[in-house]
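The residues making up each chain are set out below.
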Amino acid sequence: MITKIMDVSEEPINIDYIREASEILKNGGLVAFPTETVYGLGGDATDMEASRKIYAAKGRPSDNPLIVHIARYEQLEAITENLPKTAKLLADAFWPGPLTMVCNKNQVIPYETTGGLDTVAVRMPNNPVALALINESGCMIAAPSANTSGRPSPTKASHVYEDLSGKIDCILDGGPVDIGLESTIVDLTEDVVTILRPGFINMDMLREVVGEVRMDPGIVYNDKGTTSGARPKAPGMRYKHYAPKGDLTIVSGDEDDVVSKINELTAQAIASDLKVGIIATSVTADRYDQGQILVIGDRADEKSIAHNLYDILRRFDELGVDVIYSESFSTPQMGQAIMNRLLKAAGQKTIEV
Ligand code: TXA
Ligand code: MG
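Values in this document were obtained by computation on a predicted structure and should not be read as measured data. (Residues numbered from 1 in each chain as written. Chains lettered and ligands numbered in written order. Predicted model: local features only at pLDDT ≥ 70, side-chain atom pairs only at ≥ 80, totals over all residues. Heavy atoms only, no water.)

**Description of the overall build of the protein chain**
Put simply, the rule is: Secondary structure elements follow DSSP: runs of H or I no shorter than four residues count as helices, runs of E no shorter than two count as strands, and numbering proceeds from the N terminus. Our radius of gyration is a C-alpha quantity, and the globule rule it is checked against amounts to 2.2 Å times the number of residues to the power 0.38. For every residue, the accessible area obtained with a 1.4 Å probe (protein chains only) is divided by the maximum for its type, and the residue is called buried under 20%, exposed over 50%, and partly exposed between those limits. Contact between two residues is taken to exist if any of their heavy atoms lie within 4.5 Å; hydrogens are not considered. Per-residue and other accessible areas follow the Shrake-Rupley method at a 1.4 Å probe size, with only the shown protein chains counted as cover for residues. This count recognises Lys and Arg as positive and Asp and Glu as negative, with His and chain-terminal groups excluded. A charge is said to be at NZ when it belongs to Lys, at CZ for Arg, at CG for Asp and at CD for Glu.
Looking only at helices and strands, the protein chain has ten helices and 18 strands in total. Against the 2.2 N^0.38 benchmark of 20 Å for 353 residues, the protein chain shows a C-alpha radius of gyration of 20 Å, consistent with a compact globule. With respect to the principal axes defined by its C-alpha atoms, the protein chain has extents near 60 × 45 × 35 Å. Expressed as a percentage of the 353 residues in the protein chain, the buried residues total 56%. Within the protein chain, contacts between residues separated by at least 24 positions form 67% of all contacts whose residues are at least 6 apart in sequence. A total of about 14700 Å² of accessible surface is found on the protein chain, and carbon and sulfur atoms cover 48% of it. Distance from the positive charge centre (34 side chains) to the negative charge centre (50 side chains) of the protein chain: 5 Å.

**Details of the site of ligand 1**
Heads up, the rule is: For this purpose, a residue is taken to be near a molecule or strand whenever a single non-hydrogen atom of the residue falls within 4 Å of it. We define a polar contact as two N or O atoms separated by no more than 3.5 Å, with the added condition that, inside protein, one atom must be a possible hydrogen donor and the other a possible acceptor, whereas residues neighbouring each other in sequence contribute only through side-chain atom pairs. The nonpolar class holds Ala, Val, Leu, Ile, Met, Phe, Trp, Tyr, Cys and Pro. Asp, Glu, Lys and Arg form the charged class, and all remaining residues, Gly among them, are polar.
Taken together, 28 residues lie around ligand 1, and Thr 37, Asn 64, His 69, Ser 183 and Gly 236 are the ones closest in. Thr 119 has a polar side-chain atom sitting 2.9 Å from a nitrogen atom of ligand 1. Contact between ligand 1 and Arg 197: an oxygen atom at 2.9 Å from a side-chain N or O atom of the residue. Calculation on ligand 1 without its partners gives an accessible area of 680 Å², and the protein chains cover 96% of this total. Elements with a contribution of two residues or more to the shell around ligand 1: β4 (67-69), β6 (119-123) and β10 (193-197). At four residues, the largest contribution of residues to the shell around ligand 1 is made by β6. When grouped by side-chain class, the residues that make up the shell around ligand 1 number 16 nonpolar, eight polar and four charged.

**Comments concerning the packing of aromatic side chains**
We count it as follows: Here the aromatic set is Phe, Tyr and Trp, taking the six-membered ring for Trp, and pairing holds for ring centres within 6.5 Å; pairs whose planes are under 30 degrees apart are stacked, those over 60 apart are edge-to-face, and all others are tilted. In this analysis the charged atom, NZ for Lys or CZ for Arg, is taken to sit over a ring once it is within 6 Å of the ring centre and within 35 degrees of the ring normal.
All chains considered together, the criterion is met by zero aromatic pairs. Note that Lys 88 overlies the ring of Tyr 73, its terminal NZ or CZ placed 5.4 Å from the centroid. The residue whose ring lies beneath Lys 105 is Tyr 111, and the NZ or CZ to ring-centre distance is 4.1 Å.

**A look at the sheet that holds strand β5 (residues 99-104)**
Let me state the cut-off plainly: DSSP calls a pair of strands paired once it identifies at least 2 bridges connecting them. Only the contacting stretch of a helix is used when fitting its axis, a line to C-alpha atoms as for every element, and angles between N-to-C directions run 0 to 180 degrees.
Taken in spatial order, the eleven strands make up an open sheet running β1-β8-β2-β3-β7-β4-β6-β5-β9-β10-β11, and their pairing is mixed. Edge positions in the sheet fall to β1 (4-7) and β11 (213-215), since each has one partner strand and no second. The average undirected angle you get between the axes of adjacent strands in this sheet is 35°. Summarising the sheet, β5 and strand β9 (residues 184-187) pair through four bridges and their orientation is parallel. When the bridges of β9 are listed, Val 102 appears paired with Asp 187. Helix α2 (residues 48-58) contacts β3 (40-44) and β7 (141-143) of the sheet and is inclined by roughly 155° relative to β3. Set on the sheet, helix α4 (residues 85-94) makes contact with β5, β9 and β10; between it and β5 the angle comes to about 165°.

See below:
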């Protein structure tokens, strides 16, 4: 199969391309498309064959459920039952936007899409291309992130092409995404709203809307593993996630101490003939004296850090570094989401200085 790339990065969006991609979806094919978080790999959510194709293209285990992308609130009502009041409150506050709600499903969405679960994860993305595609096709779109399973989520169309070229029908190239980390997932099927995956919408923002919110005990880690010993409720959070080819360690502490420690570790590694990568910020980059230094962003602008994280991890793979040292980014709003992804990539390896 030849994967067609269609440029929809300029406004007004080329409607011919949206129509062509919609036809592909309606005929059971796969379309990668931009959202505000990461690129998604979409198929018709009501078509079990399309869901099977998604798992095959990603090389993803079929018990890991997909997120259903919608464009109108009524579509959530159409595919769920026993919807709690919190759903409407959260939708009013955050949709379209980077929040996924797990609700009890009815029979409309097949088990192939939900990985055999009786719940379904639903989100209304805040991206004009994604919304146009859902509306034009008339499909609710099942879409995981458009990467090969085990690689970082794609934040640019070129990342999708690297991973999935020849395996999917087309890519709608909407340019680089906005946020760069996957959506926050909340579970609404229990008494208390529970965060299953941290993202741009954080605990404080959720509490302002629904009151009590808790974190899934299965995703709270220390250096010895999950603090509770519980399994993460979102199947995708259980899998060994993306690990860069280079061995990644996070160094945290005061900026000066972190910089000296990373310089020291880098010198030792280079003395042992290893190729070293460093994840730095625009402020610290000049203070590292050796190694391959990549700037992730500006600490004061935490969005820049989220935005560049996955691209940087992909670039270190291309550069073929043996070890990577990263500063720590426990920033105020998105720190939990950023560190969740970075710690996973590091296999939870951190050094406190
Ligand atoms: O930002 C995003 O959410 C992106 C864009 C494309 O929308 N999508 C995304 O999909 O990150 P994916 O498949 O890479 O991650 C979906 C996560 C997985 O961890 C999966 O286990 C979880 O959502 N999930 C899906 N349905 C679920 C359910 N019914 N119950 C619990 N977790 C669920
Ligand atoms: Mg994913």
